[in-house]
Amino acid sequence: MTSLSEAPASTSDNFRKIPKWLTVLVVLFALGGGGWFVWSQFSGPREGVAFPIGAISDPWGGRGPRQPPPPRQNQNTPGIRSMGAGLSRVQSGDFSMQLAPAVTSFAPLRMNYPVDKLINADERALLRLAIDASNPVFVKNLQLTDDQGKKLADIRKQPNGIVLSDADRDRLGKLWKAWNDAKDKPAKDAVQKDLLAAMTEVGNRDLDATRKQYQTLAAQVKQIVNDQQLMKYRQLRGV
């Protein structure tokens, strides 16, 4: 029978016989290998090494490269185009109209022209003041009286745009109706040509009368407000 003193050495005794330097070397290799694994998985792509990114969805359903959006049409491009909400913009040079299919009191025929090309900066500031006088903030800042407010409201009620005679308004209205009534593109194109030509003819003939109307309204505004109110307004608006 084997005595306890002659029993074989335990596992712990065998480990104690391993040289310390070998133990340290094994630990270093283990730490180095684990660190390399973590770095390789989470450090991101490296040059010359494939980096898996998974499947990429095609936002265009595999229909090829996305096409660039169509160029925006210039506001002053001659012609007729839809504005949405049942309205159309008719453009002939600097003259324009925004119309519903049928001319009514709710959608009257009015031809516009850039005001900047008709009157100077001082006159534009006066007309703009009349418009802003409907805003309580400007009423308070300019200390407009009730009487001034009523008079400026009357200015705002005045028709704007090109001054049209009844005959010219009727002519443009008939051409617009004819364009809406036309059944096909060739017919619409023919009427459009006549409508744009009429707008240019009528507009150029009435430019002087329109300029005088704006100048008269600006002079009326200047009579309603005082110099201090006008100076304060120009400071607020930067005009």
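Because the structure is predicted, anything quoted here is derived from the model rather than measured.

### Considerations on the pairing of strand β3 (residues 95-99)
Of all five residues that make up β3, four are buried, and the element is covered over most of its length. Pairing of strand β2 (residues 87-92) with β3 involves five bridges; the strand directions are antiparallel. If you follow R89 over to β3, its bridge partner there is Q98. Counting the residues that bridge the hairpin from β2 to β3 gives two residues, and of these G93 lies at a positive phi of roughly 65°. Sheet analysis places β3 next to strand β4 (residues 111-112), joined by two bridges and oriented antiparallel. Within the sheet, the bridge partner assigned to S96 lies in β4 and is N112.

### What about the packing of aromatic side chains?
Both the distance between ring centres and the angle between the ring planes are used here to describe each pair of aromatic rings. By the definition in use, this model includes three aromatic pairs. Measuring from centroid to centroid gives 5.0 Å for F95 and Y113, while their planes differ by 40°, and the two rings are tilted. Here Y113 lies in the loop between β4 and α3 (121-132) and F95 lies in strand β3, a separation of 18 residues in the sequence. For the pair shown, F95 and Y113 are each scored as buried. Consider the rings of W176 and W179, whose centres lie 5.3 Å apart with planes at 5°: the pair is stacked. Linking W176 with W179, this pair stays in helix α6 (residues 166-181), spanning three residues, or about one helical turn. The same class applies to W176 and to W179, which are both buried.

### Section: the pairing of β2
With five of its six residues buried, β2 lies for the most part within the structure. Counted between consecutive antiparallel strands, the loop separating strand β1 (residues 79-84) from β2 contains two residues, among which A85 sits at a positive phi close to 55°.

### Considerations on the packing of helix α5 (residues 146-156) against helix α8 (residues 207-224)
In the contact formed by α5 and α8, the axes pass within 10 Å of each other and the chain directions differ by 175°. The pairing of α5 with α8 is recorded here as roughly antiparallel in orientation. Where α5 abuts α8, its residues Q148, K151, L152 and I155 lie against L217, Q220, V221 and I224. Across the contact of α5 with α8, the residue classes tally to five nonpolar, two polar and one charged.

### So, the nonpolar core
V90, M97, L152, L195 and M199 are the most contacted members of the largest nonpolar core, which has 41 residues in total. For this core, the secondary structure elements donating two or more residues are β3, α3, α4 (136-142), α5, α6, α7 (185-205), α8 and α9 (227-237). If we skip the residues at most four places from it in the chain, V90 touches G79, I80, F95, S96, M97, L99, W176, L195, L196 and M199.

### A short note on the sheet that holds β3
Here we have four strands laid out as an open sheet, ordered β1-β2-β3-β4, and antiparallel in their pairing. Where the open sheet ends on each side, the last strands, each with one partner, are β1 and β4. The pairing of β1 with β2 spans five bridges and is classified as antiparallel. The residue bridging R81 from the neighbouring strand is R89, located in β2.

### Things to note about the side chain of D168
Its place among the elements puts D168 in helix α6. Under the relative-accessibility criterion, D168 is labelled buried at 8%. Reaching out from D168, the side chain makes a polar contact with the side chain of R205 at a distance of 2.7 Å. Residues in contact with D168, not counting those within four places in the same chain, are V202, R205 and D206.

Conventions adopted
- Here, residues in each chain are numbered from 1, in the same order as that chain's written sequence.
- Confidence filtering applies because this is a predicted model: local features only for residues at pLDDT of at least 70, side-chain atom pairs given and counted only at 80 or more, and all residues used for totals across whole chains, interfaces and linings.
- Heavy atoms from the whole structure form the basis of all side-chain values; hydrogens and water molecules are not counted.
- We call a residue buried when its accessible area falls under 20% of the maximum for its residue type, exposed when it is over 50%, and partly exposed in between, using a 1.4 Å probe and counting protein chains only.
- A helix here means a DSSP run of H or I that spans at least four residues, while a strand means a run of E at least two residues long, and both kinds are numbered starting from the N terminus.
- By this definition, two strands are paired if DSSP reports at least two bridges between them.
- Pairing of aromatic rings covers Phe, Tyr and Trp, the last counted by its six-membered ring, and requires centre-to-centre distances within 6.5 Å; plane angles under 30 degrees mean stacked, over 60 mean edge-to-face, and any other angle means tilted.
- Only the stretch in contact is used when fitting a helix axis, every axis being a line fitted to C-alpha atoms; angles between N-to-C directions are given from 0 to 180 degrees.
- In this scheme, roughly parallel covers angles under 35 degrees and roughly antiparallel covers those over 145, while 65 to 115 is roughly perpendicular and the rest are oblique.
- Contacts are assigned to residue pairs that have any heavy atoms within 4.5 Å of one another.
- Residue classes follow a fixed rule: Ala, Val, Leu, Ile, Met, Phe, Trp, Tyr, Cys and Pro count as nonpolar, while Asp, Glu, Lys and Arg count as charged, and any other residue, Gly among them, counts as polar.
- Nonpolar cores are built from buried Ala, Val, Leu, Ile, Met, Phe, Trp, Tyr and Cys residues. Side-chain atoms within 4.5 Å join them into one set.
- Within 3.5 Å is the distance limit for a polar contact, defined as a pair of N or O atoms, with the added protein rule that one can donate a hydrogen and the other accept it, and that residues adjacent in sequence qualify only through two side-chain atoms.

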